[in-house]
Amino acid sequence: MSEAPKFLFKNFDLFVSGFFLCITVAVVIVNVALRYLFQSGLFWAEEVSTTAFIWSVFVGSAAAYRYKMHIGIDMISQIGPKVWRNFIAVVIDLLMLVINGYIVYLSVLYIQANKLKRTPVLDIPAVYVNLALTVGFSLMTIYALGFLYTDLRKLFGNRAEGE
């Protein structure tokens, strides 16, 4: 696999989130300009910008989690001596895995319960909006699994080296 596809795949969450953020900003700016210049905006602008923003938030939160940019989790994992920090990191990873996995499950149930619902303006299936929740939390679940594996290796690897 060459470098460009590897880079795109590795940073998929950042690109998706950035893409939807750009759409949000562009649609809002165009709509404001049209309202200011022509006293009439795009009838679909609010729905498109809101949907794009939802995707940006949920996929962006997964990217922030991958880079450990959620301040509360980082702060908790820095408490105590190194052995305790490794243990706390494993506990946090387990909790995040369970919580994110459960939210994925709930989001799938939510999508199934609302599968016939359509958006009010563009009349597209609401599944495309609600799927952002599933995608974002699925990514966070995958990342939590990776963090758990890494932190378990740190926890048990340090004990084996110390003995």
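Scroll up to find the structure.
Residues numbered from 1 in each chain as written. Predicted model: local features only at pLDDT ≥ 70, side-chain atom pairs only at ≥ 80, totals over all residues. Heavy atoms only, no water.

### With respect to the layout of surface pockets
Once rolled over the atoms, a probe with the size of a water molecule shows which space is left empty. Cut-off, in case you're wondering: With a 1 Å grid spanning the protein atoms alone, the term cavity applies to any set of points in which a 1.4 Å probe fits but cannot get out, the term pocket to an open set with protein on both sides within 12 Å along at least five of seven lines, and the term lining residue to any residue with an atom within 4 Å of a point. Grid points are joined across faces, edges and corners, and a volume is the space filled by probe spheres set on the points. The secondary structure listing takes helices from DSSP runs of H or I that are at least 4 residues long and strands from runs of E that are at least 2 residues long, numbered from the N terminus. Nonpolar residues are Ala, Val, Leu, Ile, Met, Phe, Trp, Tyr, Cys and Pro. Charged residues are Asp, Glu, Lys and Arg, and all others, Gly as well, are polar.
As a volume, the second largest pocket reaches approximately 290 Å³. Thr51, Ile54, Thr119, Val129 and Asn130 are, among the 16 residues lining the second largest pocket, the residues nearest its centre. Of all the elements in the fold, those that place two or more residues in the lining of the second largest pocket are helix 3 (45-66) and helix 6 (127-162). Tallying contributions element by element places helix 3 first for the lining of the second largest pocket, with five residues. Classifying every residue of the lining of the second largest pocket by side-chain character gives eight nonpolar, five polar and three charged.

### Side note on the nonpolar core
The condition is simple: Nine residue types can take part in a nonpolar core, namely buried Ala, Val, Leu, Ile, Met, Phe, Trp, Tyr and Cys, and a core is a set of them joined through side-chain atoms within 4.5 Å. The classification of residues rests on relative accessible area computed with a 1.4 Å probe and restricted to protein chains. Under 20% of the type maximum is buried, over 50% is exposed, and intermediate values are partly exposed. Should any heavy atoms of two residues lie within 4.5 Å, those residues are counted as being in contact.
Grouped together as the largest cluster of nonpolar side chains are 19 residues, with contacts concentrated most on Tyr65, Met96, Met140 and Tyr143. Of all elements in the fold, only helix 3, helix 5 (82-113) and helix 6 reach the threshold of two or more residues within this core. Those residues in contact with Tyr143, other than ones at most four positions away along the chain, are Asp13, Ala62, Tyr65 and Arg66.

### Remarks on the environment of Asn31
By the element assignment, Asn31 lies in helix 2 (residues 12-38). A residue is classified by how much of its surface remains accessible, and Asn31, at 9% relative accessible area, is buried. C-alpha of Asn31 to C-alpha of Tyr149: the two residues are 118 residues apart in sequence and 47 Å apart in space. Apart from the residues lying within four places of it in its own chain, the contact partners of Asn31 are Gly41, Leu42 and Ala45.

### Overview of the pattern of salt bridges
Under the convention used in this document: By definition here, a salt bridge exists when the distance from a side-chain nitrogen of Lys or Arg to a carboxyl oxygen of Asp or Glu is within 4 Å.
The full count for this structure, using the stated rule, is three salt bridges. Ionic pairing is found between Asp13 and Arg66, a salt bridge with its closest N-O pair at 2.7 Å. Of this pair, Asp13 sits in helix 2 while Arg66 sits in helix 3, and the two are 53 residues apart along the sequence. One exposure class covers both Asp13 and Arg66, and it is buried. Ionic pairing is found between Lys154 and Asp151, a salt bridge with its closest N-O pair at 3.9 Å. On the criterion of helical spacing, the pair formed by Lys154 and Asp151 is a turn pair, its members being three residues apart in helix 6. Its relative accessible area of 43% is what places Lys154 among the partly exposed residues.

### Here we look at the packing of helix 2 against helix 3
What counts, and what does not: To get an axis, a line is fitted to the C-alpha atoms, and for a helix only the part in contact is used. The angle between two axes follows their N-to-C directions and goes from 0 to 180 degrees. By definition in this entry, angles of less than 35 degrees are roughly parallel, angles greater than 145 are roughly antiparallel, angles of 65 to 115 are roughly perpendicular, and the rest are oblique. Rotating anticlockwise by less than a right angle from the far helix to the near helix defines a left-handed crossing, while the corresponding clockwise rotation defines a right-handed one.
Where helix 2 contacts helix 3, the two axes come as close as 8 Å, and the packing angle between them is 150 degrees. Judged by the inter-axis angle, helix 2 sits roughly antiparallel to helix 3. The hand of the helix 2/helix 3 crossing is left-handed. Judged by residue contacts, Asp13, Leu14, Val16, Ser17, Phe20, Leu21, Ile23, Thr24, Val27, Val28 and Asn31 of helix 2 engage Ala45, Val48, Ser49, Ala52, Phe53, Trp55, Ser56, Val59, Gly60, Ala62, Ala63 and Arg66 from helix 3.

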